[in-house]
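# Close look at the chain arrangement
Residue strings, one per chain:
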Amino acid sequence: MTKVLVPTVCPYCGAGCGFFVAVERERAVGIEYMPDHPVGEGALCSKGNASLEILHHQERLTSPLKRKGDGWAKMTWDEAIGLVARGIGEAIREDGPDKVAFLASSKCTNEENYLIQKLARLLGTPHIDNCARLCHAPSVVGLNRSLGAAGMTNPIPDVANSRCIFIIGSNLAENHPVISRWVHRAKDAGAVVIVADPRATPTSWMADIFLQLTPGTDVALLNGIAHQIIKEGLMDREYIAERTRGFEEFEESIREFTPEKAAEITGVPAEEIIRAARAYASSPASTILYSMGITQHTTGTENVQAVSNLALITGQIGRPGTGVMPLRGQNNVQGACDMGALAEFYPGYRRADDPGTIEFFSAAWEAPALPTSPGLTATEMIGAAASGDIRAMYIVGEDPANSDPSSLSVKSALEALDFLVVQDIFMTATAQAADVVLPAAAWAEKEGSFTNTERRVQWSSKAVEPPGSALPDLEIICMVARSLGLDFDYPDAASVLAEINRTVPQYAGITRERLAKEGGLVWPCPSCDHPGTPILHSSGFRLADGRAYIVPVPYRPAAEGQSPEYPFLLTTGRIALHHNAGSMTRRSPSLIGRAPDLFVEINPADAEKLGIGDGDLVDVSTERGVAQAAARLTEGMKRGVVFMPFHFPGTNILTTEAADPEARIPEFKVSACRIARRN
Amino acid sequence: MAFYVDIRRCIGCRSCEVACERVHGGRGHVQVHFVGDSASVPLFCHHCEEASCATACSFGALFKEGERTAFDVEKCTGCGLCSLACPFGVVWTDKIAHKCDLCDGRPEPTCVATCPADALSTDFDLLARRARSRAARAAAQGGRR
Ligand code: SF4
Ligand code: SF4
Ligand code: SF4
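Residue positions are given per chain, counted from 1 along the sequence in the order it is written. Think of it this way: whatever chain is written first is A, whatever ligand is written first is 1, and the rest follow in order. Given that this is a predicted model, residues contribute local features only at a pLDDT of at least 70 and side-chain atom pairs are listed and counted only at 80 or more, while totals for whole chains, interfaces and linings are drawn from all residues. Working from all heavy atoms in the structure, the side-chain values ignore hydrogens and water.

### A short note on the overall build of chain B
- A helix here means a DSSP run of H or I that spans at least four residues, while a strand means a run of E at least two residues long, and both kinds are numbered starting from the N terminus. When you go through chain B residue by residue, the secondary structure sums to five helices and eight strands.
- Starting at the N terminus, the α and β elements of chain B follow one another as β-α-β-β-α-β-β-α-β-β-α-β-α.
- Here the C-alpha coordinates of chain B stretch approximately 55 × 30 × 30 Å along the principal axes.
- Each residue's exposure class comes from its accessible area (1.4 Å probe, protein chains only) as a fraction of the maximum for that residue type: buried when under 20%, exposed when over 50%, partly exposed otherwise. Looking at chain B residue by residue over its 145 residues, the buried ones come to 43%.
- Contacts in chain B between residues at least 24 apart in sequence constitute 52% of all its contacts with a sequence separation of at least 6.
- When the accessible surface of chain B is totalled, it reaches about 7500 Å², and 54% of it is carbon and sulfur.
- Positive and negative side-chain charges in chain B, numbering 18 and 17 respectively, have mean positions lying 7 Å apart. Contacts are residue-level and defined by heavy atoms, with any inter-residue pair within 4.5 Å sufficient. Accessibility throughout is a Shrake-Rupley quantity obtained with a 1.4 Å probe, and a residue counts as covered only by protein chains that appear here. Neither His nor the chain ends contribute to the count of charged residues, in which Lys and Arg are positive and Asp and Glu negative. To locate a charge, take NZ of a lysine, CZ of an arginine, CG of an aspartate or CD of a glutamate.

### Notes on the interface of chain A and chain B
- On the side of chain B, 29 residues touch chain A, which itself brings 31 residues to the contact.
- Here the buried area means the combined drop in accessible surface, using a 1.4 Å probe, for two parts upon being joined, counting both sides. Taken together, the two surfaces of chain A and chain B that pack against each other cover about 2400 Å², and 45% of this comes from carbon and sulfur.
- Counted as salt bridges are all cases of a side-chain nitrogen of Lys or Arg within 4 Å of a carboxyl oxygen of Asp or Glu. The interface formed by chain A and chain B contains seven salt bridges.
- Here arginine 594 of chain A makes a salt bridge to glutamate 17 of chain B, at a shortest N to O gap of 2.5 Å.
- Here a polar contact means two N or O atoms within 3.5 Å. Within protein one must be a hydrogen donor candidate and the other an acceptor candidate, and residues neighboring in sequence count only if both atoms are side-chain atoms. Linking chain A with chain B are 20 residue pairs in polar contact (both at pLDDT 80 or more).
- For the side of chain A that touches chain B, the secondary-structure elements that each account for two or more residues are strand S3 (27-32), helix H1 (46-50) and helix H6 (179-188) of chain A.
- Think of it as three bins: nonpolar holds Ala, Val, Leu, Ile, Met, Phe, Trp, Tyr, Cys and Pro, charged holds Asp, Glu, Lys and Arg, and polar takes everything else, Gly as well. Classifying every residue of the side of chain A that touches chain B by side-chain character gives 14 nonpolar, nine polar and eight charged.

### Details of the site of ligand 3
- Being near a molecule or strand, for a residue, means having at least one of its heavy atoms within 4 Å of it. Near ligand 3 lie 14 residues; those nearest to it are Cys45, Cys48, Cys53, Thr69 and Cys86 of chain B.
- Here the residues of the shell around ligand 3 are counted per class, giving nine nonpolar, four polar and one charged.

### What about the sheet that holds strand S17 (residues 419-424) of chain A?
Residue and element names in this part refer to chain A.
- Two strands make a pair as long as DSSP finds a minimum of two bridges between them. Read from one edge of the open sheet, seven strands run S5-S4-S18-S17-S16-S6-S7, paired in mixed fashion. Unpaired on one side and paired on the other, strand S5 (71-74) and strand S7 (128-129) mark the two borders of the sheet.
- Sheet analysis places strand S4 (residues 65-68) next to strand S18 (residues 436-439), joined by two bridges and oriented antiparallel. Paired with leucine 65 across the strands is valine 437, a residue of S18.
- Axis angles are defined between N-to-C directions and span 0 to 180 degrees, where every axis is a line fitted to C-alpha atoms and, for a helix, only to the segment in contact. Strands S4, strand S6 (100-103), strand S16 (392-396), S17 and S18 of the sheet are contacted by helix H2 (residues 77-95), whose axis makes an angle of about 130° with S18.
- Helix-sheet contacts for helix H20 (residues 473-483) involve S16, S17 and S18, and the interaxial angle to S16 is about 155°.

### A short note on the nonpolar core
Residue and element names in this part refer to chain A.
- Residues grouped as a nonpolar core are buried Ala, Val, Leu, Ile, Met, Phe, Trp, Tyr and Cys residues, joined through side-chain atoms within 4.5 Å. In this structure, Leu55, Ile165, Leu172, Ile179, Val183, Leu289 and Trp443 are the most contacted members of the largest nonpolar core, which totals 84 residues.
- Setting aside chain neighbours within four positions, we find isoleucine 179 in contact with Ile156, Leu172, Leu289 and Leu327.
- Within the second largest apolar cluster, 69 residues are counted, among which are Ala132, Cys135, Ile500 and Phe646.

### Regarding the domain arrangement of chain A
Residues and elements named next belong to chain A.
- Here chain A is partitioned into domain 1 (4-54), domain 2 (65-134 + 331-446 + 468-502), domain 3 (153-326) and domain 4 (568-677).
- Segmentation into domains, and thus their bounds, comes from an automatic or database assignment. Between the C-alpha centres of domain 1 and domain 3 there is a distance of 33 Å.
- Taken together, the two surfaces of domain 1 and domain 3 that pack against each other cover about 760 Å², and 63% of this comes from carbon and sulfur.
- Joining domain 1 to domain 3, the criterion identifies two salt bridges.

### Details of the sheet that holds S3 of chain A
All names here are of chain A.
- A sheet is described by the order of its strands in space; here three strands give the open sequence S1-S2-S3, paired in antiparallel fashion. Either end of the sheet is taken by a strand with one partner, and the two such strands are strand S1 (4-9) and S3. Strand-to-strand twist in this sheet, taken as the mean axis angle between neighbours without regard to direction, amounts to 35°.
- Across six bridges, S1 lies against strand S2 (residues 18-24) in antiparallel orientation. Within S2, the position partnered with proline 7 by the bridge is phenylalanine 20.

### Notes on the domain arrangement of chain B
All names here are of chain B.
- Each assigned domain of chain B is listed here: domain 1 (1-44 + 100-145) and domain 2 (47-97).
- Averaged C-alpha coordinates put domain 1 and domain 2 at centres separated by 22 Å.
- Taken together, the contact pairs 13 residues of domain 1 with nine residues of domain 2.
- Both faces combined, the contact of domain 1 with domain 2 buries some 850 Å², and carbon together with sulfur accounts for 48% of it.
- Along the contact surface separating domain 1 from domain 2 lie two salt bridges.
- Here domain 1 is connected to domain 2 by two residue pairs in polar contact (both at pLDDT 80 or more).
- Residue composition of the side of domain 1 that touches domain 2, grouped by class: seven nonpolar, three polar and three charged.

### Brief notes about the packing of helix H4 (residues 137-146) of chain A against helix H13 (residues 300-314) of chain A
Residues and elements named next belong to chain A.
- Between H4 and H13, the least distance of the axes is 8 Å, while the angle of their chain directions is 45°. Considered as vectors, H4 and H13 are oriented oblique to each other. Between H4 and H13 the crossing geometry is right-handed. Within the contact between the two elements, H4 uses Pro138, Ser139, Val141, Gly142, Leu143, Arg145 and Ser146 and H13 uses Gly300, Thr301, Val304, Gln305 and Ser308. Orientation is classified from the angle alone, with under 35 degrees giving roughly parallel, over 145 giving roughly antiparallel, 65 to 115 giving roughly perpendicular, and any other angle giving oblique. What makes a crossing left-handed is the near helix being turned counterclockwise from the far one by less than a right angle; a clockwise turn instead makes it right-handed.

### Quick look at the pairing of S3 of chain A
Residue and element names in this part refer to chain A.
- In the sheet, S2 pairs with S3 via five bridges, with the strands oriented antiparallel. When the sheet's bridge partners are listed, valine 23 is paired in S3 with alanine 28.
- Joining the antiparallel neighbours S2 and S3 is a turn of two residues, in which arginine 25 adopts a positive phi near 45°.

### Section: the pattern of salt bridges
- Within this structure, the stated rule accounts for 44 salt bridges over all chains.
- Of the charged contacts in the structure, one is a salt bridge between arginine 9 of chain B and aspartate 188 of chain A, with a shortest N-O distance of 2.7 Å. Placement of arginine 9 of chain B in the loop between strand S1 (4-5) and helix H1 (15-23) and of aspartate 188 of chain A in helix H6 is noted, with the two residues assigned to different chains.
- Arginine 9 of chain B gets classed as buried once you look at its relative accessible area, which sits at 1%.
- For aspartate 188 of chain A, a relative accessible area of 27% puts it in the partly exposed group.
- Residues glutamate 565 of chain A and arginine 674 of chain A are paired through a salt bridge, measuring 3.7 Å at the closest nitrogen-oxygen approach. Residue glutamate 565 of chain A is located in the loop between strand S22 (548-549) and strand S23 (568-573), and its partner arginine 674 of chain A is located in strand S28 (residues 671-677); the two are separated by 109 residues in the primary sequence.
- A residue is classified by how much of its surface remains accessible, and arginine 674 of chain A, at 34% relative accessible area, is partly exposed.

### Comments concerning unusual backbone geometry
- The peptide bond linking tryptophan 523 of chain A to proline 524 of chain A adopts the cis configuration, its omega dihedral lying at 0°.
- Among the secondary structure elements, proline 524 of chain A is positioned in the loop between strand S21 (521-522) and S22.
- The residue glutamate 41 of chain A is not glycine, and still its phi comes out positive at about 50°.
- Along the chain, the position of glutamate 41 of chain A falls in the loop between S3 and H1.
- Exposure remark for glutamate 41 of chain A: the relative accessible area of 27% places this residue in the partly exposed category.
- Although it is not a glycine, arginine 14 of chain B adopts a positive phi angle of roughly 65°.
- Along the chain, arginine 14 of chain B turns up in the loop between S1 and H1.

Below is the structure:
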């Protein structure tokens, strides 16, 4: 029997590693690496290696289901689509289109996300969003404002060209493991690595300078670094004069922000802040990589802005080895945002409140009555569901019941809806609350393009058939749209991409034919003969007079602080063996077998005071609820801070809903908590 | 062929474990160990020149074959002597013995190909070059780093 090798893109993180699925007798039997792949050179982390385990998994959804008493009844697709059309249609007719909300998925392809947002908007609702809201909404808002584009500025392998790598709020060694090979390559050539994180992680093992700050004090740290850079005259005056605006106000705003003051707030010694400032500013090419440790704060947008300020005042942007690098969490979170599955943006980051946008899409889609204002964000939708302002929801490939903060109230909000459709590959906690559950195809069971964190658009091919009667999201969305009277005539992903080529300027030259090449194309790619743009901002910025904007950012403390009742700060994050809400990795035997339980990391000195030993079961409580976890004592944890991974249902019971006022991202990284040993 | 670990690079992601298990029918021959909170190291067969496992095996199931310490499933009785004999604890016996076979039949050991951090390699010169440049830098800085 011959084996066929089908090229696909890893369904987990935003690094976008490619690999071949080996197919024999219509089953995925193995993985072959792709040594020429630009991001990982063939390497895959544990999740990539385990990815096939979810394809033929016994718990896959194989048939449309409707709620029947306490259980579920199977139904045909005809019946299912009829039910969905009736449920959504009735809500629109009776309550109005703005009582219906859609959640697209940063796990789905670009084509699918494009269609989901188009469906929502053609139905007249502005409420479309995706879980980027929970990871990089501040990057979208902050970087669009300061740099005029919201992507990573440089490619991942370009990190090897850097001579100072500043990693803040990212545990990339666990969460985007392949990036560490490029960090090490730079280190081999003499690069200095700075890591800022409240906890020691495998990422900080790579560090020359480790800044162990208190959660929520990033702006203070970054302002302190900027202050020192300016004080020592290490900024790039020429760059500032030619390429930026706002420097004077910025300089004024941090005049008082000495490293000593920053040290007081962050808990990082002033000397370390000074060392970091010198290394970053004086190296010939410095890059900043950041992730959710920067964004998941009530000051998320300000944190992002503070990061880009550093790059701008030192001119560490627009050249090889430099840049501002938001590392996106999911395989297609960049693409879902590019495709306009966001409350405030139509495809291509055209603002929803700009009349020009509405004019353009009304013409392109031949739709006279598009919603003309920003909609509710992913987290606001849940609040609106609870208050009755949203009556029906259609959720594709997301699990807010596990991934949103304060998850106990999320579940009751979902249950309060008149009608909920969930489309997924497994019966998630969110799907449990649905009226109709639609079985979807996983990544290797369909085709389409995904955009990784470096803006690299790659085509992923279909390797095997979906299980049972599961269907690709694209087909399901088209069926639903047609039954709601819309003209969704897309025979395949390529035909949707052709429309994207016409409506999203950044993707104009990214055609199906050109994506046949391994490694894909990096947007912006404005025409069919354009090679793509791996490095952004090399000749100015797409903002007024081509200048980037240095924005003063005052330091504000996190929403919650330590108190006598809740004396610890809980911060959350990810571990190497799991991914996000865990619906896939917790079902993957080789991953869950290695990391089976929820744990909480605590400093041994703190633990001793509480009589907690390594491995003890503890209750972690916040104002929102209690979760059980096994204590893990580690010197790597800052005193007064505890850490829990959010791949297990317990963690987000605890987290706060307090959100960034602008980007609406919840502050997953700081919740005041109490911890006690269970008897 | 032998392969080498650059412990400085290992990030403890356990991809080598998962990949090895994947291509060996669910039984992996690598184990990643953590050194406190500050380092991790994958442990696997060193394919010793003087292999004590092979010496201990009375049935000829473990034997040297060029650079490799090879294993013949047919001859293994599952007695477990090799597990006791190996000074590194990297032969395991459950019913029969199993250990690293250097991914016989593949162009490169799977763990080497998959290691995201580029910590494993079959190229001794590469490892030596990295170690020497680290040593040179440390000497220049007058420290031990
Ligand atoms: S690094 Fe990310 S993309 Fe690469 S294999 Fe791991 S999860 Fe997949
Ligand atoms: S795959 Fe590489 S980095 Fe990961 S644990 Fe194994 S040796 Fe270490
Ligand atoms: S199994 Fe142990 S004794 Fe035998 S070759 Fe490998 S490391 Fe050496």
